[in-house]
Amino acid sequence: MATTTLAKAAEGTETVQHAARIEHVSKSFAGPAGQQLVLDDISLDVAPGEFVTLLGASGCGKSTLLNLVAGLDAPSSGGITTDGRPALMFQEHALFPWLTAGKNIELALKLRGVPKNERRGRAEELLELVRLGGAHGKRVHELSGGMRQRVALARALAQESKLLLMDEPFAALDAITRDVLHDELTRIWRETNLSVLFVTHNVREAVRLAERVVLLSSRPGRIAREWRVDIPQPRRIEDTAVAELSVEITEQLRGEIRRHGKH
Amino acid sequence: MASTETSAVKDGDTREAPDAKDGVRGGGDLAGLEAGLDALETVHTGRTPFRETFVRKILPPLVAIALVLAVWQALVSFKIVDDPSKLPSPGAVWGEIEDAWLQGTLLEYIWTSVSRGLFGFLLALVIGTPLGLLVSRVRFVRAAIGPILSGLQSLPSVAWVPPAVIWLGLNDQMMYAVILLGAVPSIANGLVSGVDQVPPLFLRAGRTLGATGVRGTWHIVMPAALPGYVAGLKQGWAFSWRSLMAAEIIAQHPDLGTGLGQLLENGRNSSSMSMVFLAILLILVVGIAIDLLVFSPLERWVLRSRGLLVKS
């Protein structure tokens, strides 16, 4: 791993090689018991077009890390460079209820500086991409949970970021819908040249989606281990290969959790 | 249908020859599967038919009004109250309305007050909105004048009439000053509480989309705060109307014309109880009518478009 100064010096070439580069990032918050270390010396690169899942139990600071990468918060130490401003998707759809599905996407385009006459067409294209053509005029509350997350995905894609950050985006959905959205996300990820950093506490979901699974330990969050997932990509969550790797990762995750019970 | 086909493809184990382009095994079915899920999970809501609205919403208040009129008439007819200077009959008040209508003064009374009230309200809107934004967005301003602003709401605006008369004299400006002092705090406070209730998630989502600073205020904070703001406007109108009536009753001057407040005071001076009743009735009806015609539809539209209007 390059030192901070080296990375700074070679930033021009570095940005081409990394959709995101997280270097020795620590983060602490002021808590009731003084400063509380949430993230401890995290270093992680996401290559262009790579799909990485961050996996961890509660308290591992995975959402905190995502917020840092999104630029919503600043690290206490260390540095984060991203190739442009990343898009972010939340567990809640976070669509604006005063706008229709299409207008939500158009707002993202507008804030990115897309001229007015192109916005409508581009929004329709993005809705087609998430297979919601014809939903442009629908109000958010008229859509089902799965449809809302797909509109939220389309809105994130409208930012044309190189990196998409996803904070447990499917955790609130029922199993059938989640399964379908996994397929959908994989399809879109392969069609576009997007890098994805996906946070979850669901081991199978992590293995189902990612090229690389990064396990975080809890309190403070540290990188415990990494797995490369070589299972060919149209995967299913019930595939034996997915299940086998999930068992292995789950064992490790449980080990990490057990450590906290001993202290 | 689609699901059987999907599992058939899966059983055939296509891992070695994946439908790479589509990215998903049996990918052709994914669209169908999704369409099915969407159809199953979408709730269709329609508008309630007029008959139902009539029976549920319009009929009950009409019955209540009829009941009040019946009791009133009974009090007079059965001589329970037989002093017309205390309680005029409904017929006498109706006669007063008819007279005013035939003389062409009825609409004049109403218009004098309504035009004043609405103009004053618009002024309050123009002042209260930026004030509310300032208080909600700038921490120092909030700490400085936030408590005063909410305290002012509990001060009856009639208290402003004497100082306003001394400062500005008996004229329209004085009326507007009283309206402003009554309505501006309501509108500003409504906006402040609207902004306070904006879910932080919207602000975070807005920031990742690039809506920061003024663009964040315009595209995210203002529309997100609209329900609270509209509630503030509604209350602001009620306060405008009350303040104006207080001002009109106290400030009497020939140059001011005859508004509903003056009409009430005139009735008292000429000991005409039916005129007093007429004035009270008109004040009530105008206040309700403007709320019903302007603010309630506005509020309903805002809430319905966000799916916040729960059907009873």
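Preceding this section is the structure that the text describes.
Keep in mind the model is a prediction, meaning the values are calculated, not measured.

Cut-off values and rules
- Residues numbered from 1 in each chain as written.
- Chains lettered and ligands numbered in written order.
- Predicted model: local features only at pLDDT ≥ 70, side-chain atom pairs only at ≥ 80, totals over all residues.
- Pairing = 2+ DSSP bridges.
- Helix = DSSP H or I, 4+ residues; strand = E, 2+ residues; numbered from the N terminus.
- Axes fitted to C-alpha atoms, helices over the stretch in contact; angles between N-to-C directions.
- Buried ≥ 20, exposed ≤ 12 C-beta atoms within 10 Å, placed from the backbone.
- Contact = placed C-beta atoms within 7 Å.
- Nonpolar A, V, L, I, M, F, W, Y, C, P; charged D, E, K, R; others polar.

(A) The arrangement of the sheet that holds strand 3 (residues 51-55) of chain A in detail. Residue and element names in this part refer to chain A. One open sheet holds the six strands; their spatial order is 5-6-7-3-8-9, and the pairing between them is mixed. The open sheet has two free edges, formed respectively by strand 5 (87-89) and strand 9 (222-228), since each of these has just one partner strand. Across the sheet, the axes of successive neighbouring strands diverge by a mean angle of 20°, strand direction being ignored. Sheet topology places strand 6 (residues 163-167) next to strand 7 (residues 195-200); five bridges connect them, and they run parallel. By the bridge assignment for strand 7, leucine 163 is matched with serine 195.

(B) A look at the pairing of strand 8 (residues 212-217) of chain A. All names here are of chain A. Counting buried positions over the six residues of strand 8 gives five, a clear majority of the element. In this sheet, strand 8 lies alongside strand 3 in parallel orientation, the contact comprising four bridges. The residue of strand 8 that forms the bridge with leucine 55 is leucine 215. With six bridges joining them, strand 8 and strand 9 adopt antiparallel strand pairing. Across the sheet, residue valine 213 finds its bridge partner in strand 9, namely tryptophan 227. A loop of four residues connects strand 8 with strand 9, the two strands running antiparallel in sequence, and arginine 219 in this loop sits at a positive phi of about 45°.

(C) Representation of the interface of chain B and chain A in the model. Between chain B and chain A, the residue contacts involve 33 residues of the former and 33 residues of the latter. Of all the secondary structure elements, the ones that give two or more residues to the side of chain B that touches chain A are helix 2 (27-41), helix 9 (200-209) and helix 10 (213-250) of chain B. Sorting elements by how many residues they give to the side of chain B that touches chain A places helix 2 of chain B first, with eight residues. Here the side of chain B that touches chain A is built from residues that sort into 13 nonpolar, eight polar and 12 charged.

(D) Expanded view of the environment of A:Gly145. Residues and elements named next belong to chain A. If you trace the backbone, glycine 145 turns up in helix 6 (residues 145-157). In this structure glycine 145 comes out as partly exposed when scored by C-beta crowding, with 17 C-beta atoms within 10 Å. Along the chain, glycine 145 and histidine 93 lie 52 residues apart, while their C-alpha atoms are 8.2 Å from each other. Here glycine 145 is in contact with Ala172, Leu173 and Thr177, once residues within four sequence places are set aside.

(E) A look at the sheet that holds strand 1 (residues 20-31) of chain A. Residues and elements named next belong to chain A. Strand order in the open sheet formed by three strands is 2-1-4, with antiparallel pairing between adjacent strands. A strand with exactly one partner marks an edge of an open sheet, and here the two such strands are strand 2 (34-46) and strand 4 (77-82). Taken over all neighbouring pairs, the strand axes of this sheet differ in orientation by 30° on average, direction set aside. Sheet topology note: the strand 1/strand 2 ladder contains nine bridges and is antiparallel. Considered in strand 2, the bridge of lysine 27 is made with leucine 39. Docked against the sheet, helix 3 (residues 62-70) engages strand 1, strand 2 and strand 4, running at close to 120° with respect to strand 1.

Keep in mind these numbers describe shape, not what the thing actually does.
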